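Overview (structure and organization)
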Amino acid sequence: MILILFLLVWVILGIKAGAYRMAIHLFSLVVAVYAAVMSTPFLLQSGPKFFLSDWVVALICLMAVGGLIFTGLDYFLFRFFVRGADTYFRPLVKIAGGAAFGLLFGHILWGCLLMLYCMTPLSRWESAEKFMPRQSARAFASVSVARVCQTVASISLDYPEADPKDITLTLMELQ
């Protein structure tokens, strides 16, 4: 039920933003998710060992790398490609494309949020298990984020040594 409401919000936001803007937001999100997920294991191994546990450092790396890449790329693409191009598509294509891109954006974002949720100790609490079961959240997040990473890797011809699904599952099991 929460997923449906979340996706509905993004569909409505996609319709308001239009196809071109939502395509740019989606592209920025996909690149940010790929860069954050694939670079976090390297950053965990090569970075200095702080007094924080591994899951905290991984969570910070994921949010910092993903957030910076999403914000920077989205700003750059909006500034140089979207300005003045809002009326490029016909109204029906703009609405339908915005809804479709918004739905896909919401699906990927929900997978990322579930991955971050599964990384925290909150997901292991009994009281949180009633509202968001960890196993189903873990399964949804691993499939969603791994598909994004595999798609970007195949398009960019950058085939990683490790399977993205294994990386996401490993990140969600950090203690």
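Above: the structure in question.
About the thresholds
- Residues numbered from 1 in each chain as written.
- Predicted model: local features only at pLDDT ≥ 70, side-chain atom pairs only at ≥ 80, totals over all residues.
- Heavy atoms only, no water.
- Helix = DSSP H or I, 4+ residues; strand = E, 2+ residues; numbered from the N terminus.
- Rg over C-alpha atoms; globule rule 2.2 N^0.38 Å.
- Buried < 20%, exposed > 50% of the residue type's maximum accessible area, 1.4 Å probe, protein only.
- Contact = heavy atoms within 4.5 Å.
- Areas by Shrake-Rupley, 256 points an atom, 1.4 Å probe, with all protein chains shown as cover.
- Lys, Arg positive; Asp, Glu negative; His and termini not counted.
- Charge placed at Lys NZ, Arg CZ, Asp CG, Glu CD.
- Phe/Tyr/Trp six-rings, centres within 6.5 Å; stacked < 30°, edge-to-face > 60°.
- Expected span 1.5 Å × (residues − 1).
- Arc of directions from axis to C-beta.
- Patch = residues over 30% accessible without salt bridge, like charges linked within 9 Å, V, L, I, M, F, W, Y side chains within 5 Å.
- Salt bridge = Lys/Arg side-chain N within 4 Å of Asp/Glu carboxyl O.
- Core = buried A, V, L, I, M, F, W, Y, C linked by side-chain atoms within 4.5 Å.
- Axes fitted to C-alpha atoms, helices over the stretch in contact; angles between N-to-C directions.
- Parallel < 35°, antiparallel > 145°, perpendicular 65-115°, else oblique.
- Left-handed = near helix turned anticlockwise from the far one by under 90°.
- Nonpolar A, V, L, I, M, F, W, Y, C, P; charged D, E, K, R; others polar.

Let us now look at the overall build of the protein chain. Regarding its fold elements, the protein chain presents 7 helices and 0 strands. Each helix and strand of the protein chain, placed in order from N terminus to C terminus, yields the pattern α-α-α-α-α-α-α. Rg of the C-alpha trace for the protein chain: 17 Å, near the compact-globule value of 16 Å for 175 residues, within the 12% margin. When its C-alpha atoms are laid out on the principal axes, the protein chain stretches across 50 × 35 × 25 Å. Every one of the 175 residues in the protein chain was classed for burial, and the buried ones make up 41%. Pairs at least 24 residues apart make up 81% of the contacts formed inside the protein chain by residues separated by at least 6 positions. Split by element, the accessible area of the protein chain, about 10300 Å² in all, is 72% carbon and sulfur. Here the protein chain carries 13 positive and 10 negative side-chain charges, and the mean point of each set is 12 Å from the other.

Counted under the stated rule, the structure contains 6 aromatic pairs. Aromatic side chains Phe-6 and Trp-110 sit 5.1 Å apart centroid to centroid with 50° between the ring planes, which places their arrangement in the tilted category. Taken as a pair, Phe-6 in helix α1 (residues 2-17) and Trp-110 in helix α4 (residues 91-119) lie far apart in primary sequence, 104 residues in all. When its relative accessible area of 11% is taken as the criterion, Trp-110 is described as buried.

This part takes up helix α3 (residues 54-82). For α3, spanning 29 residues, the distance from its first C-alpha to its last is 39 Å, which sits close to the expected 42 Å at 1.5 Å a residue. On its buried face, α3 is in contact with α2 (19-46), α4 and α7 (164-172).

When we look at burial in α7, the residues that qualify are Pro-164, Ile-167, Thr-168, Leu-171 and Met-172. Along the long axis of α7, the arc covered by the buried residues comes to 130°, so they all point the same way. Among the structural elements, α2, α3, α4 and α6 (134-156) are those in contact with the buried residues of α7.

In this structure, Thr-120 sits in the loop between α4 and α5 (126-131). A relative accessible area of 15% means that Thr-120 is categorised as buried. Put simply, Thr-120 and Gln-175 are 55 residues apart on the chain and 8.4 Å apart in space, counted from C-alpha to C-alpha.

A separate point is a nonpolar patch on the surface. Together, Met-1, Leu-5, Leu-8 and Ile-12 line one region of the surface with nonpolar side chains, adding up to about 430 Å² of accessible area. You can see Ile-12 is positioned in helix α1.

Our next topic: the environment of Gly-67. If you trace the backbone, Gly-67 turns up in helix α3. Since its relative accessible area comes to 30%, Gly-67 is described here as partly exposed. C-alpha of Gly-67 to C-alpha of Ala-32: the two residues are 35 residues apart in sequence and 7.2 Å apart in space.

For the rest of this paragraph, the subject is the nonpolar core. For soluble globular proteins, nonpolar side chains are generally found buried alongside one another. Core analysis: the largest hydrophobic core is formed by 42 residues, its most contacted members being Val-33, Val-37, Ile-108, Met-115 and Leu-171. Residue assignment for this core shows that the elements contributing at least two residues are α1, α2, α3, α4, α6 and α7. In this structure Leu-171 touches Val-37, Thr-40, Leu-44, Ala-58, Leu-62, Met-115 and Met-119, once residues within four positions along its chain are discounted.

Below, the discussion takes up the packing of α2 against α4. Across the interface, α2 lies against α4 with an axial gap of 8 Å and an inter-helix angle of 20°. Our classification of the angle between α2 and α4 gives roughly parallel. At the point where α2 passes α4, the crossing takes the left-handed sense. In this structure, α2 contributes Ala-19, Met-22, Ala-23, His-25, Leu-26, Leu-29, Val-30, Val-33 and Val-37 to the contact, and α4 contributes Val-93, Lys-94, Gly-97, Gly-98, Phe-101, Gly-102, Leu-104, Phe-105, Ile-108, Leu-109, Cys-112 and Met-115. Partitioned by chemical class, the residues of the contact of α2 with α4 number 16 nonpolar, 4 polar and 1 charged.

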